[in-house]
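# Examination of the molecular architecture
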Amino acid sequence: MDWGMKNRLSRIIKPDTGRTVMLAVDHGYFLGATSGLEEPGKTIKPLLPYADSLMLTRGVLRTSLAAENDIPIVLRVSGGTSIIGKSLSDEGITVSMEDALRLNVSAVALSIFVGTEYEKQTLLSLSKLVDVGEKYGIPVLAVTAVGKEMNRDVRYLSLCCRIAAELGAHFVKTYYCENFTQVVKECPVPIVIAGGKKIEERAALELAFCAARDGAVGVDMGRNIFQSDCPQGMLRAVREIVHKKAKVEQAFELYESIKNR
Ligand code: 5RP
């Protein structure tokens, strides 16, 4: 891995802990103004000090984040679908590497839809993105989306993560599952977990704790942060778990104390 690629990846996965707390706010690329992201700039601003990086689209980056911010950006570069369209799996590449470079991003992110009718196109998109990422030293994050018909189990998630790594993804985002240690063992690149649909705060902290305990290098959470009663409290509590190895109880107390302040 060349110097530039390593340097960019180290902006996201912090060298001092080998961990990362990414904030995902890219949901609008197919969901539109989802709850909690109606005004992205307002959602993001108070959370910036506590996120190691932001995963977002170029549209939100350009309109809703001041360029003076030094937070590392993971740019969502796949899409082309919508929640009211025929299929969420029918994604293509929506951003050129030239525009990603212009935006000074630290990594680019693309979803793959293994097991769906669009698996080939999304896996070939990943392969092309890795080619151009390697050319310019931009790490590629493969997001393993789970089609409706798929089980979010160790067999499926291990298959997706391993395929992504084999095709050259530099890190992978997937979901936590039973026997998650097997997913980690069988994937030769770092794994972060998405939070998935909003759940109770304590359960979301439990998810982050188990994922970190079982080998994930961190999280790239969205809805469980910006849809919680206290987004800043949640993000800070997740940081305690991921970077300081806090127990769930400790982290939840921190969340509650910030929420009640
Ligand atoms: C949406 C995404 C999100 O980045 C990913 O799902 C993480 O967000 P959340 O924690 O809300 O699941 O890829 O398609």
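I will try to describe carefully the structure that is included in this document. (Residues numbered from 1 in each chain as written. Predicted model: local features only at pLDDT ≥ 70, side-chain atom pairs only at ≥ 80, totals over all residues. Heavy atoms only, no water.)

### Quick look at helix H1 (residues 3-12)
The criterion, for reference: Using a 1.4 Å probe on the protein chains alone, a residue whose accessible area is under 20% of its type maximum counts as buried, one over 50% counts as exposed, and one in between counts as partly exposed. Numbered from the N terminus, helices here are DSSP runs of H or I no shorter than four residues, and strands are runs of E no shorter than two. Of all possible arcs, the one meant is that of the directions from the helix axis to the C-beta atoms. Should any heavy atoms of two residues lie within 4.5 Å, those residues are counted as being in contact. By the criterion applied in these results, polar contacts are pairs of N or O atoms within 3.5 Å in which, for protein atoms, one can donate a hydrogen and the other can accept it, and in which residues neighboring in sequence qualify only through two side-chain atoms.
Of all the positions in H1, only Gly4, Met5, Leu9 and Ile12 are classed as buried. End-on view of H1: buried residues confined to an arc of 125 degrees, all on one side of the axis. Away from its buried face by more than 90 degrees, H1 exposes Trp3 and Lys6. Elements that come into contact with the buried residues of H1 comprise strand S1 (20-24), strand S2 (53-56), strand S3 (73-76), strand S6 (107-112), helix H6 (119-136) and strand S8 (171-174). Measuring from the backbone nitrogen of glycine 4 back to the side-chain oxygen at the start of H1 gives 3.2 Å, which picks out aspartate 2 as the cap.

### Thoughts on the nonpolar core
For clarity, the cut-off: Side-chain atoms within 4.5 Å link the members of a nonpolar core, which is a set of buried Ala, Val, Leu, Ile, Met, Phe, Trp, Tyr and Cys residues.
Grouped together as the largest cluster of nonpolar side chains are 76 residues, with contacts concentrated most on Leu54, Leu75 and Val108. Excluding residues that lie within four positions of it along the chain, valine 108 makes contacts with Val74, Leu75, Val77, Met97, Ala100, Leu129, Ile138, Pro139, Val140 and Leu141. Counting 14 residues, the second-largest nonpolar core is a separate cluster that includes Met55, Ala107, Leu141 and Phe171.

### Things to note about the packing of helix H11 (residues 231-244) against helix H12 (residues 248-260)
The condition that has to hold: Axis definition: a line fit to C-alpha positions, over the contact stretch in the case of helices; interaxial angles, taken between N-to-C directions, run 0 to 180 degrees. The scheme is simple: roughly parallel for angles under 35 degrees, roughly antiparallel for over 145, roughly perpendicular for 65 to 115, oblique for anything else. We call a crossing left-handed when the near helix sits turned anticlockwise from the far one by less than a right angle, and right-handed when that turn is clockwise. Throughout, the ten residues Ala, Val, Leu, Ile, Met, Phe, Trp, Tyr, Cys and Pro are labelled nonpolar, Asp, Glu, Lys and Arg are labelled charged, and all others, Gly among them, are labelled polar.
It is at 8 Å that the axes of H11 and H12 come closest, and there the two elements cross at 155 degrees. The angle between H11 and H12 places the two elements in the roughly antiparallel class. Of the two elements, H11 crosses H12, and the hand of that crossing is right-handed. Residues Gln232, Gly233, Met234, Arg236, Ala237, Glu240 and Ile241 of H11 form the contact with H12, whose own contacting residues are Val248, Ala251, Leu254, Tyr255 and Ile258. Class assignment of the residues belonging to the contact of H11 with H12 gives a composition of 8 nonpolar, 2 polar and 2 charged.

### Some remarks on the pattern of salt bridges
This is how it is decided: Criterion for a salt bridge: a side-chain nitrogen of Lys or Arg within 4 Å of a carboxyl oxygen of Asp or Glu.
A full pass over the atoms with the stated rule returns 15 salt bridges. One salt bridge in this structure joins arginine 58 and aspartate 99, with 2.8 Å as the shortest N-O distance. Of this pair, arginine 58 sits in helix H4 (residues 58-64) while aspartate 99 sits in helix H5 (residues 97-102), placing them 41 residues apart in sequence. The partly exposed category is assigned to arginine 58, whose relative accessible area is 31%. Take aspartate 99: its relative accessible area is 4%, and that puts it in the buried class. A salt bridge links arginine 62 to aspartate 99; its shortest N-O distance comes to 2.5 Å.

### Observations regarding the sheet that holds S3
Operational definition: The rule for pairing is simple: two strands pair if DSSP sees at least two bridges between them.
Pairing is parallel in the closed barrel, where 8 strands are placed in the order S1-S2-S3-S6-S7-S8-S9-S10. On average, adjacent strands in this sheet sit at an angle of 25 degrees to one another, irrespective of strand direction. As paired elements, S1 and strand S10 (residues 218-221) share 4 bridges and run parallel to each other. Following the sheet pairing, methionine 22 is matched in S10 by aspartate 220. Of the strands in this sheet, strand S9 (191-193) and S10 touch helix H9 (residues 201-213), which is tilted by about 145 degrees from S10.

### Details of the environment of tyrosine 156
With respect to the secondary-structure elements, tyrosine 156 resides in helix H7 (residues 154-166). Tyrosine 156 gets classed as buried once you look at its relative accessible area, which sits at 8%. The spatial distance from the C-alpha of tyrosine 156 to the C-alpha of valine 146 is 8.9 Å, given a sequence separation of 10 residues. Those residues within four positions of tyrosine 156 in sequence are excluded, and the remaining contacts are Val114, Ala145, Val146, Gly147, Met150 and Asn151.

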